[in-house]
Amino acid sequence: MTVHIGAEIGDIAETVLLPGDPLRAKWAAEKFLTNVKEVNRTRGMLGFTGDWNGNRVTFQGSGMGMPSLSIYVNELIRDFGAKTLIRIGSCGGMQDHVGIRDVIIAMTASTIATPSSTIFRELNFAPTADWSLLSAAAKAAEKLDAKTHIGGIYSSDTFYDERPDLNEQMERHGILAVEMETAELYILAARYGVRALSVLTVSDHLKTGEALPSEQREQSFGDMVEVALSAAFA
Ligand SMILES: O=P(O)(O)O[C@H]1O[C@H](CO)[C@@H](O)[C@H]1O
Ligand SMILES: O=c1cc[nH]c(=O)[nH]1
């Protein structure tokens, strides 16, 4: 048990899937796992452990933004022994060829800053996905026939953005989508020598203004979860 996760040691699997939304953790656990046990409700940040195809998995909400994710990921790795961490999140499309509900597999994540920026000082560290997870996720997405894009994303500290000029530069440089957690997830995984990946679903589009309602962001992103589970146990 830690300050933010009420689970007993041993209640959390070595493989943890991390939606920002704790209710997406509940939905995914009910839809994909058997023998499900609720392992956390501290602060309402729900966590569930169960079995997927004979493999033990935890779905743990990580909240919105890098500071929140950093708390959960630090405790999951340092206190509960998590070894594979895959974010399953929503994101905003930034390219014309990226559509609503498309799956994004994040090779790397650009940022202005993360909670780790102070330790890197002048270094622009490049947060990078684990290759074994990335390549397995690419294969799983192909098998599922999910419309998928693999490349760089942007991890922002804001949802209500005030820098259209910056978005323009990112679009110009091929950034696929924006979300709010991946860069710090990849940095923490590198620091602790564990595997991390982000598999995302496009819920909004910055250029068209399209946006899915919150219930669909919570309960309808099944392809992304299947890709993440298949990659974790490939
Ligand atoms: O749907 P989740 O996983 O929370 O991810 C995205 O949605 C939230 C903003 O609405 C941010 O956390 C962003 O990264
Ligand atoms: O962080 C996010 C998530 C979804 N859509 C956005 O525009 N930003």
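Residues numbered from 1 in each chain as written. Chains lettered and ligands numbered in written order. Predicted model: local features only at pLDDT ≥ 70, side-chain atom pairs only at ≥ 80, totals over all residues.

Put simply, the test is: UniProt positions are given in the numbering used here, feature names are shortened, and annotations may be inferred rather than shown by experiment.
Per an unreviewed UniProt entry, the protein is named Purine nucleoside phosphorylase DeoD-type, and its organism is Marivivens donghaensis. A UniProt comment under Sequence similarities (unreviewed entry) is attached to the protein, and it reads "Belongs to the PNP/UDP phosphorylase family." On record in UniProt, under Function (unreviewed entry), the comment for the protein is "Catalyzes the reversible phosphorolytic breakdown of the N-glycosidic bond in the beta-(deoxy)ribonucleoside molecules, with the formation of the corresponding free purine bases and pentose-1-phosphate."

1. Quick word on unusual backbone geometry
The test is simple: Going along the chain from the N terminus, every DSSP run of H or I of four or more residues is numbered as a helix, and every run of E of two or more is numbered as a strand.
Positive phi outside glycine occurs at N53, with the angle close to 50°. Along the chain, the position of N53 falls in the loop between β3 (47-52) and β4 (55-60). For R121, which is not glycine, the phi dihedral falls at a positive 50°. With respect to the secondary-structure elements, R121 resides in the loop between α3 (117-120) and α4 (131-144).

2. A short note on the site of ligand 2
Test applied: We call a residue near a molecule or strand when its C-beta atom, built from the backbone, sits within 6 Å of it. We call Asp, Glu, Lys and Arg charged. Ala, Val, Leu, Ile, Met, Phe, Trp, Tyr, Cys and Pro are nonpolar, and the rest, Gly among them, are polar.
The immediate surroundings of ligand 2 are formed by S90, C91, G92, F159, V178, E179, M180, S203 and D204. Going through the elements one at a time, β5 (84-93), β8 (177-179) and β9 (195-205) are the ones with two or more residues in the shell around ligand 2. Ranked by residues supplied to the shell around ligand 2, first place goes to β5 with three residues. The class makeup of the residues in the shell around ligand 2 is four nonpolar, three polar and two charged.

3. Brief notes about helix α6 (residues 182-192)
The condition is simple: Field definition: a residue is buried when 20 or more other C-beta atoms are found within 10 Å of its C-beta, exposed when 12 or fewer are, and partly exposed for counts in between, with C-beta atoms placed from the backbone.
With eight of eleven residues buried, α6 lies mostly within the body of the structure. Turning to α6, its buried residues are T182, A183, E184, L185, Y186, I187, L188 and A189. Directly after α6, the chain includes G193, whose backbone phi takes a positive value near 70°.

4. Here's the deal with α4
Quick note on the threshold: To estimate how far a helix should extend, the number of its residues minus one is multiplied by 1.5 Å. Directions drawn from the helix axis to the C-beta atoms are what define this arc.
Taking 1.5 Å of rise per residue, 14 residues should cover 20 Å, and α4 covers 20 Å from first to last C-alpha, within 8% of that figure. Taken together, the buried positions of α4 are occupied by L133, L134, A137, A140 and A141. Mapping the buried residues of α4 onto a view down its axis gives an arc of 130°, with all of them on the same face. In this structure, α4 carries W131, E142 and K143 as exposed residues pointing more than 90 degrees from its buried face. Just downstream of α4, D145 is the residue with a positive phi angle, here 65°.

5. Quick notes on the environment of C91
This is how the line gets drawn: Contact between residues is assigned whenever the C-beta positions, reconstructed from backbone atoms, fall within 7 Å.
Mapped onto the elements, C91 comes out in strand β5. Setting aside anything within four residues of it in sequence, one finds C91 in contact with I104, I153, A177, V178, E179, L200, V202 and S203.

6. A word on the nonpolar core
Under the convention used in this document: To define a nonpolar core, we join buried Ala, Val, Leu, Ile, Met, Phe, Trp, Tyr and Cys residues through C-beta atoms within 7 Å and take the resulting set.
Ranked by internal contacts, the top residues of the largest apolar core, which has 72 residues, are I86, A137, V199 and A228. Among all residues touching V199, those that are not within four sequence positions of it are I86, I88, V103, I105, A137, M224, V227 and A228.

7. Let's talk about the site of ligand 1
Contacts to ligand 1 come from P19, G20, D21, M64, G89, S90, F159, E179, M180, E181 and R217. Here the shell around ligand 1 is composed, by residue class, of four nonpolar, three polar and four charged.

8. Observations regarding the packing of α4 against helix α8 (residues 222-232)
To be explicit about the condition: Working convention: axes come from line fits to C-alpha atoms, limited for helices to the stretch in contact. Angles between N-to-C directions cover 0 to 180 degrees. Here the angle decides the label: under 35 degrees means roughly parallel, over 145 means roughly antiparallel, 65 to 115 means roughly perpendicular, and every other value means oblique. It is the rotation of the near helix from the far one that decides the hand of a crossing: anticlockwise by less than a right angle makes it left-handed, clockwise makes it right-handed.
Following both chains from N to C, one finds α4 and α8 inclined at 130°, their axes separated by 8 Å at the closest point. In this view, α4 runs oblique relative to α8, as classed from their interaxial angle. The handedness of the crossing between α4 and α8 comes out as right-handed. The residues of α8 that touch α4, namely those facing L133, A136, A137, A140, A141 and L144, are D223, E226, V227, A228, S230 and A231. Here the residues of the contact of α4 with α8 are counted per class, giving nine nonpolar, one polar and two charged.

9. Some words on the environment of N35
Within the secondary structure, N35 is located in strand β2 (residues 34-40). Exposure remark for N35: the 8 C-beta atoms within 10 Å place this residue in the exposed category. Setting aside residues no more than four positions away along its own chain, N35 makes contact with G50 and D51.

10. Quick notes on the UniProt feature "binding site: a purine D-ribonucleoside" (unreviewed entry) in the protein
Those places that UniProt annotates as "binding site: a purine D-ribonucleoside" (unreviewed entry) correspond, in this numbering, to H4, E179, M180, E181, S203 and D204. Taken together, the annotated residues stretch across 201 residues and extend over separate regions, lying up to 29.9 Å apart by C-alpha. Along the polypeptide, S203 turns up in strand β9. Those residues in contact with S203, other than ones at most four positions away along the chain, are S90, C91, A211, L212 and R217.

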